[in-house]
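Here is what each chain is made of, one letter per residue.
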Amino acid sequence: MSIADHFDHAPDAGFVRSYDSQAARRQFQVSLVLILILSVAAFALGLLVRFDDPGGNNNAPLPVHQVHFAGNLADLRG
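The structure displayed is predicted, hence computed values, not measured ones.

K.L.:
It is not clear to me how the overall build of the chain should be interpreted in this structure. Could you clarify?
P.N.:
Per the secondary structure count, the chain includes one helix and zero strands. Relative to its full complement of 78 residues, the chain shows a buried share of 0%. Within the structure as shown, the chain displays about 8600 Å² of accessible surface, and the carbon and sulfur contribution to it stands at 62%.

Right under this line is the structure:
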């Protein structure tokens, strides 16, 4: 049945839901525990994971003359 068939607007019944404060508190506490577990796991991974140094300890740029090519071009004129 489509909504166009219902022309009469029935008034809302008002506050029809009751909320259990104990269930809300329990859900909030479980959420806090899960956040705590995730933060401890992220901190532990941050302590355990070590990345390699990028390219060693020499921070000086390479001189231009150390660039090597694959070979010489053949002389095609002769």
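Picking up after the structure, the text goes on.
K.L.:
Got a minute to help me understand a nonpolar patch on the surface in this structure?
P.N.:
Taken together, the side chains of Phe43, Leu45, Leu47, Leu48, Val49 and Phe51 present a nonpolar region at the surface, about 720 Å² in accessible area. Residue placement: leucine 47 occurs in helix H1 (residues 21-48).

Criteria and cut-off values
- Numbering of residues starts from 1 in each chain and follows the order in which that chain's sequence is written.
- Side-chain atom pairs in this predicted model are given and counted only at pLDDT of 80 or more, local residue features only at pLDDT of at least 70, and totals for whole chains, interfaces and linings cover all residues.
- Only hydrogens and water are removed before side-chain values are computed, so all heavy atoms of the structure are retained for them.
- Under the DSSP-based scheme used, a helix requires at least four consecutive residues in state H or I and a strand at least two consecutive residues in state E, with every element numbered from the N terminus.
- Summary of the burial criterion: residues with accessible area below 20% of their type's maximum are buried, those above 50% are exposed, and those between are partly exposed, where the area comes from a 1.4 Å probe applied to protein chains only.
- The Shrake-Rupley method, run with a 1.4 Å probe sphere, supplies the accessible areas, and residue values consider only the shown protein chains as cover.
- Exposure above 30% relative accessible area and the lack of any salt bridge qualify a residue for a patch; like charges then connect within 9 Å, and the nonpolar side chains Val, Leu, Ile, Met, Phe, Trp and Tyr within 5 Å.
- The term salt bridge refers to a pairing of a side-chain nitrogen on Lys or Arg with a carboxyl oxygen on Asp or Glu at a separation within 4 Å.

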